[in-house]
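# Structural overview
Residues per chain, in single letters:
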Amino acid sequence: MKTIQLKTNINCSGCVEKVTPSLNETFGETNWKVDTTDPKKVLTVIAENVDERDVIKAVERAGYKAEQLMEQ
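Below or above, wherever it landed, is the structure these notes cover. (Residues numbered from 1 in each chain as written. Predicted model: local features only at pLDDT ≥ 70, side-chain atom pairs only at ≥ 80, totals over all residues. Heavy atoms only, no water.)

## Examining the nonpolar core
General note: in soluble globular proteins, nonpolar side chains tend to be found buried as a group. Cut-off, in case you're wondering: What we call a nonpolar core is a set of buried Ala, Val, Leu, Ile, Met, Phe, Trp, Tyr and Cys residues that are connected through their side-chain atoms within 4.5 Å. Three exposure classes are used, based on accessible area relative to the maximum for each residue type with a 1.4 Å probe and protein chains only: buried under 20%, partly exposed in between, and exposed over 50%. Helix and strand definitions here come from DSSP, where helices need a minimum of 4 consecutive H or I residues and strands a minimum of 2 consecutive E residues; each element is numbered from the N-terminal end. Working rule for contacts: check all heavy atoms of both residues, and any pair within 4.5 Å makes them a contact.
Grouped together as the largest cluster of nonpolar side chains are 19 residues, with contacts concentrated most on Leu23, Leu43 and Val55. Secondary-structure elements contributing two or more residues to this core are strand S1 (2-8), helix H1 (13-27), strand S2 (32-35), strand S3 (42-47) and helix H2 (52-61). For Leu43, the contacting residues outside a window of four places in its chain are Ile4, Gln5, Leu6, Thr8, Leu23, Trp32, Lys33, Val34, Val55 and Val59.

Shown next, in the form of structure tokens:
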């Protein structure tokens, strides 16, 4: 299993609802979550053969943005 974490602009339950079909289709229903309480709105995807570009594309298909999470 591989874990990818990205900063997003998915910031509320309504946003999560809109991105859910795209992420479920691409990664599976239980393989992702968005922490909307984190200021960076971190999306975590845990799956086999997952690629950061695929995660970004799935988020963009739903009308949102995702980018590398810069640790500070």
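## A short note on the packing of H1 against H2
A pair of packed helices can be characterised by two numbers: the angle between their axes and the separation between those axes. Keep this limit in mind: Here an axis means a line fitted to C-alpha atoms, over the contact stretch when the element is a helix, while the angle between two N-to-C directions is reported on a 0 to 180 degree scale. Just so you know how the angles are binned, under 35 degrees is roughly parallel, over 145 roughly antiparallel, 65 to 115 roughly perpendicular, and the rest oblique. The crossing is said to be left-handed when, going from far helix to near helix, the turn is anticlockwise and less than a right angle, and right-handed when the turn is clockwise.
Between H1 and H2, whose axes approach to 8 Å, the crossing angle comes to 150°. By the angle between their directions, the pair H1 and H2 is classed as roughly antiparallel. In the packing of H1 onto H2, the handedness of the crossing is right-handed. In this structure, H1 uses Val19, Ser22, Leu23, Thr26 and Phe27 to contact H2, whose residues at the interface are Asp54, Val55, Ala58, Val59 and Arg61.

## Notes on the pairing of S2
As a reminder of what qualifies: Criterion used throughout: strands pair if DSSP finds at least two bridges between them.
The side-chain alternation of S2 yields one buried face, formed by Trp32 and Val34, and one unburied face, formed by Lys33 and Asp35. In the sheet, S2 pairs with S3 via four bridges, with the strands oriented antiparallel. Looking at S3, one finds that Val34 is bridged to Leu43. Joining the antiparallel neighbours S2 and S3 is a turn of six residues, in which Lys41 adopts a positive phi near 50°.

## Thoughts on the pattern of salt bridges
Counted only if it meets this: Every case where a carboxyl oxygen of Asp or Glu lies within 4 Å of a side-chain nitrogen of Lys or Arg is listed as a salt bridge.
Per the stated rule, a full pass over the model turns up one salt bridge. A salt bridge links Asp51 to Arg53, with the shortest nitrogen-to-oxygen separation between them at 3.1 Å. Residue Asp51 is classed as partly exposed on the basis of its relative accessible area, which comes to 24%.

## Remarks on the side chain of Ser22
The line we're drawing: By the criterion applied in these results, polar contacts are pairs of N or O atoms within 3.5 Å in which, for protein atoms, one can donate a hydrogen and the other can accept it, and in which residues neighboring in sequence qualify only through two side-chain atoms.
Here Ser22 shows up in helix H1. Ser22 gets classed as buried once you look at its relative accessible area, which sits at 10%. Side-chain polar atoms of Ser22 contact the backbone oxygen of Ala58, separated by 2.6 Å. If near-sequence neighbours (up to four positions away) are discounted, Ser22 is found in contact with Ala58, Arg61 and Ala62.

## Quick look at H2
Put simply, the rule reads: The directions considered for the arc run from the helix axis to the C-beta atoms.
Among all positions of H2, only Val55, Ile56, Ala58 and Val59 are buried. Looking straight down H2, one finds its buried side chains confined to an arc of 160°; they lie on one side. Set apart from the buried face of H2 by more than 90 degrees, the exposed residues are Arg53 and Arg61. Each element contacted by the buried residues of H2 is listed here: S1, H1, S3 and strand S4 (66-68). Gly63, located one to two residues past H2, shows a positive phi value of around 95°.

Read these as spatial facts, not as claims about activity.
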